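Fold and geometry: a report
Listed below, chain by chain, are the residues.
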Amino acid sequence: MSRTIMLIPISAGVGLTSVSLGVLRAMERKGVNVSFFKPIAQPRSGSDQPDLSTTILTNSSDITVAEPMKMSEAESLISSEKTDVLLESIVENYSRVSKNSEVTLIEGLVPTRKHPFANQVNREVAQTLGAEIVFVATPGTDNPSQLKERIEIACSNYGGTKNKNISGVIINKLNAPVDDDGRTRPDLSEVFDDGAAAQQANLEVMQIFNSSPIRVLGCVPWSIELIATRAIDMAKHLNAEVVNEGEIHTRRIKSITFCARSVPHMVEHFKPGSLLVTSADRPDVIIAAALSAMNGVEIGAMLLTGGYDLPKEIQDLCQRAFDTGLPVIKAQGNTWQTSLNLQSFTLEVPADDKERIEYINDHVASHIDGPWIDSLSEGTQGTRRLSPPAFRYQLTELARKAAKRIVLPEGEEPRTVKAAAICAERGIANCVLLGNPDEIRRVAAQQGVELGAGVEIIDSNNVRENYVPRLVELRGKKGMTEVVAREKLEDSVYLGTMMLENNEVDGLVSGAVHTTANTIVPPFQIIKTAPNTSIVSSIFFMLLPDQVLVYGDCAINPDPNAEQLAEIAIQSAESAAAFGIDPRVAMISYSTGESGKGADVDKVREATKIAQEKRPDLVIDGPLQYDAAIMENVAASKAPNSPVAGKATVFVFPDLNTGNTTYKAVQRSADLVSIGPMLQGMRKPVNDLSRGALVDDIVYTIALTAIQASQADA
């Protein structure tokens with residue numbers, strides 16, 4: 001029997017959408033089959049626009065979502081005293097969305113001046129559906145004692161502690177900057193991320209509720225990243241003209257600086273994520289900001305006020321800065337009018353801002369009580385699935401437990417520096433950055449990144465000589481001399497590989513700048529393959545909306561023979577199993593079964609036979625066409641007796657041309673995340689990055705490497 005959880009806000013401004021997304025993500029991480037239902041749409045404007053939570057989930061997840069009733073319809077039924085008809089319609093929609101899920105999460109209405117009936121409707125919906133109630137609150141201007149009292153009053157309106165359906169409360173926006181009315185009003189020109197203060201307030205709240213019968217199911221601290229809007233959203237809000245597009249769709253605004261003083265007094269505010277607001281007739285400010293951008297500072301955007309055009313001479317002078325991606329927009333009003341418009345900017349996350357939605361999901365989910373999430377599926381008969389959120393969560397959790405030290409030879413590369421800081425912050429791994437310490441710290445400062453505990457910087461020049469004798473010893477038979485060894489060790493990948501060989505680190509990740517050959521040749525020569533392994537291959541984890549697939553080999557071997565292809569299939573199956581994916585291996589070809597003829601399909605047929613004989617415990621079948629491997633209806637006609645067709649999780653491609661083309665086509669066409677390539681068959685873990693890798697790609701590759709190191713130890 002499925003369970004129903006209803007999130008009920010005790011006031012406006014609690015961040016209900018964020019909490020809904022976070023609770024759903026927490027359930028997804030544990031493999032809970034969950035559906036979502038907002039009984040009545042409640043857009044901010046009050047008109048019959050799409051509901052935000054419903055729209056976000058429909059666009060960005062595969063969770064089953066019910067279409068909510070329009071607010072105008074609900075208001076009409078309520079005003080004509082037809083609440084029973086309203087509830088019947090809600091029950092009908094609920095029945096459709098909940099029938100195939102373990103848990104259904106219902107998002108209640110927010111009580112506002114436009115919707116004073118929200119509390120009454122929430123009570124009746126919860127009672128009608130027999131939902132377990134979870135209140136959502138925010139401290140506002142209350143101290144912990146006042147917050148506790150306010151929550152207990154809300155609880156009393158639902159029968160108090162005698163109501164066994166009240167599960168507890170989630171406290172959101174802890175330590176958020178608020179105005180005198182308790183509304184979240186961050187002064188974007190003076191926002192500081194004080195983690196220590198947030199931790200202390202969290203502790204105080206938990207201590208107060210120790211004496212309350214109401215259980216705290218989550219305590220979510222405020223973070224500036226939660227409201228870090230894209231520059232394009234700010235431009236749309238201001239109806240601003242785009243002077244230079246740059247990276248306007250990806251750069252984020254984390255602070256606002258009104259540049260009214262002289263340049264020396266403003267330079268400290270020229271920092272990553274700043275929106276610099278200045279009159280278009282202040283060329284000194286514009287040129288100073290341009291110099292800052294050319295020095296690598298990723299300013300969020302420059303906003304020119306007054307309606308003036310930027311003089312062509314100034315635009316030409318600043319062109320190199322604009323080419324770095326600096327967005328420049330122009331508002332028609334003066335600075336005072338523009339500041340008033342900025343104050344009315346909504347902090348609500350746009351439904352198409354996938355990156356920010358993902359951050360909100362993970363931030364809130366990480367502060368939801370784990371045992372409560374585990375309890376939600378107790379007694380249900382659901383089938384666990386490894387969804388992309390569950391896979392990513394599993395990666396980070398396993399990496400934390402592994403507690404490994406990973407060397408990053410490209411230590412001065414901006415994405416790598418940021419990824420190292422994230423890994424340290426999340427406890428994924430201890431990262432070692434190789435390079436010039438001053439340059440690494442400069443790059444970190446330009447991005448607003450702090451390199452604290454968990455990130456080690458090693459000056460390549462200071463340690464290079466330590467590895468010359470050992471490299472000569474390892475490669476002497478291949479003609480290695482001290483002179484050549486010193487030359488090789490100028491390459492940071494060789495240096496990192498020697499640290500790995502010497503057991504000073506547990507794994508190596510490179511490739512954000514280096515080619516695949518640059519990354520894997522030194523390990524091939526020095527680390528070599530694992531015992532009983534004849535080939536090194538690679539896999540990608542493809543994070544489809546509803547499941548995670550494994551593709552191999554898409555990065556290393558141009559044209560493996562049948563023996564090698566069989567080995568790749570076995571390695572890929574073992575890797576899939578190691579990361580929680582049930583391996584059902586499809587050997588891909590242009591033909592299914594016995595229908596095709598030719599050397600290419602014969603190779604796949606022979607490889608399948610070899611792999612099956614070597615590992616009868618694995619489920620391997622082929623040759624299979626891609627559609628027969630993944631689509632049940634195609635499998636039913638093309639390979640009805642196959643144990644793999646229609647439900648494959650591991651896809652082994654016949655050559656690099658096919659594999660690389662397919663993974664990139666699927667990744668780009670479906671706009672999905674792929675993690676990899678992860679190398680298989682090395683004696684110690686070494687992993688290659690795509691040169692177009694995003695920061696998250698690097699983070700997850702570091703996590704993979706740490707887990708591989710732990711598995712090698714075992």
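Conventions and cut-offs
- Residues numbered from 1 in each chain as written.
- Predicted model: local features only at pLDDT ≥ 70, side-chain atom pairs only at ≥ 80, totals over all residues.
- Heavy atoms only, no water.
- Salt bridge = Lys/Arg side-chain N within 4 Å of Asp/Glu carboxyl O.
- Helix = DSSP H or I, 4+ residues; strand = E, 2+ residues; numbered from the N terminus.
- UniProt positions renumbered as here; feature names shortened; annotations may be inferred.
- Pairing = 2+ DSSP bridges.
- Contact = heavy atoms within 4.5 Å.
- Axes fitted to C-alpha atoms, helices over the stretch in contact; angles between N-to-C directions.
- Phe/Tyr/Trp six-rings, centres within 6.5 Å; stacked < 30°, edge-to-face > 60°.
- Buried < 20%, exposed > 50% of the residue type's maximum accessible area, 1.4 Å probe, protein only.
- Polar contact = N/O pair within 3.5 Å; in protein donor to acceptor, adjacent residues only side chain to side chain.
- Core = buried A, V, L, I, M, F, W, Y, C linked by side-chain atoms within 4.5 Å.

**What about the pattern of salt bridges?**
Under the definition given, this model contains 40 salt bridges. Note that Asp284 is salt-bridged to Arg282, the shortest N-O span being 3.0 Å. For Glu397, the salt bridge is made with Arg400, and the minimal N-O distance between the two is 2.2 Å. Taken as a pair, Glu397 and Arg400 lie in helix α15 (residues 388–402) at a separation of three residues, close to a single helical turn.

**With respect to the UniProt feature "domain: DRTGG" (unreviewed entry) in the chain**
Sequence positions flagged by UniProt for "domain: DRTGG" (unreviewed entry) are, in local numbering, residues 233–344. Split by type, residues 233–344 is 33% helix and 21% strand. Its first and last C-alpha atoms lie 13 Å apart.

**Focus on the sheet that holds strand β4 (residues 103–107)**
Strand order in the open sheet formed by seven strands is β3-β2-β4-β1-β5-β6-β7, and the pairing between neighbours is parallel. Of all the strands in the sheet, the pair left with one neighbour each is β3 (64–65) and β7 (216–221). By the bridge criterion, five bridges tie strand β5 (residues 132–137) to strand β6 (residues 166–174) in an arrangement that is parallel. When the sheet's bridge partners are listed, Ile133 is paired in β6 with Ile166. Helix α4 (residues 83–98) contacts β1 (3–9), β2 (34–37), β3 and β4 of the sheet and is inclined by roughly 160 degrees relative to β2.

**Examining the sheet that holds strand β21 (residues 584–588)**
In spatial order, the strands read β22-β21-β23-β20-β19-β24; together these six strands make up an open sheet with mixed pairing. What marks the edges here is a single partner per strand, and that holds for β22 (619–624) and β24 (673–680). Direction aside, neighbouring strands of the sheet carry axes that sit 20 degrees apart on average. With three bridges joining them, strand β20 (residues 548–552) and strand β23 (residues 650–652) adopt parallel strand pairing. Bridged to Val550 within β23 is Val650. Along the sheet face, helix α28 (residues 695–713) touches β19 (537–543) and β24 and points at about 35 degrees away from the line of β24.

**What about the packing of aromatic side chains?**
Per the counting criterion, the structure on display carries eight aromatic pairs. An angle of 40 degrees between the planes, with centres 5.0 Å apart, marks the rings of Phe391 and Phe541 as tilted. In this pair, Phe391 sits in helix α15 while Phe541 sits in strand β19, placing the two residues 150 residues apart along the sequence. For the pair Phe391 and Phe541, a shared accessibility class is recorded, and that class is buried. Aromatic side chains Phe541 and Phe579 sit 5.2 Å apart centroid to centroid with 65 degrees between the ring planes, which places their arrangement in the edge-to-face category. Pair noted here: Phe541 is in strand β19 and Phe579 is in the loop between α23 (562–578) and β21, with a separation of 38 residues, a long-range link. Cluster of aromatic residues (ring-pair linked, three or more members): Tyr551, Tyr626, Phe651 and Phe653.

**Brief notes about the pairing of β1**
Most of β1 sits inside the fold, with six of its seven residues counted as buried. Pairing analysis gives five bridges linking β1 to β4, with the strands arranged parallel. In the sheet register, Leu7 faces β4, and the bridge partner there is Glu107. Relative to β5, β1 runs parallel, the two sharing five bridges. Pairing of Ile8 across the sheet is with Phe135, part of β5.

**Observations regarding the side chain of Gln708**
Checked against the element boundaries, Gln708 lands in helix α28. Residue class for Gln708 comes out buried when judged on its relative accessible area of 12%. At 2.7 Å, the side chain of Gln708 forms a polar contact with the side chain of Asn687. Setting aside anything within four residues of it in sequence, one finds Gln708 in contact with Met678, Leu679, Pro685 and Asn687.

**Considerations on the UniProt feature "domain: Phosphate acetyl/butaryl transferase" (unreviewed entry) in the chain**
Residues annotated by UniProt as "domain: Phosphate acetyl/butaryl transferase" (unreviewed entry) correspond here to residues 391–706. The span residues 391–706 is 47% helix and 18% strand, and its two end C-alpha atoms sit 15 Å from each other.

**Here's the deal with the nonpolar core**
Core analysis: the biggest nonpolar cluster contains 61 residues, and Phe391, Phe541, Met587 and Ile702 have the highest contact counts within it. If one sorts the elements of this core by residue count, α28 sits on top with nine residues. In contact with Phe541, other than residues within four places in its own chain, are Phe391, Val548, Leu549, Val550, Phe579, Ile581, Val673, Ser674, Ile675, Met678 and Leu704. Residues Ala66, Leu129, Leu147 and Val216 belong to the second largest nonpolar core, which totals 39 residues.

**Brief notes about the environment of Leu340**
Relative to the helices and strands, Leu340 resides in helix α12 (residues 335–343). On the basis of relative accessible area, Leu340 is assigned to the partly exposed category, the value being 41%. For the pair Leu340 and Pro558, spaced 218 residues apart in the sequence, the C-alpha separation amounts to 60 Å.

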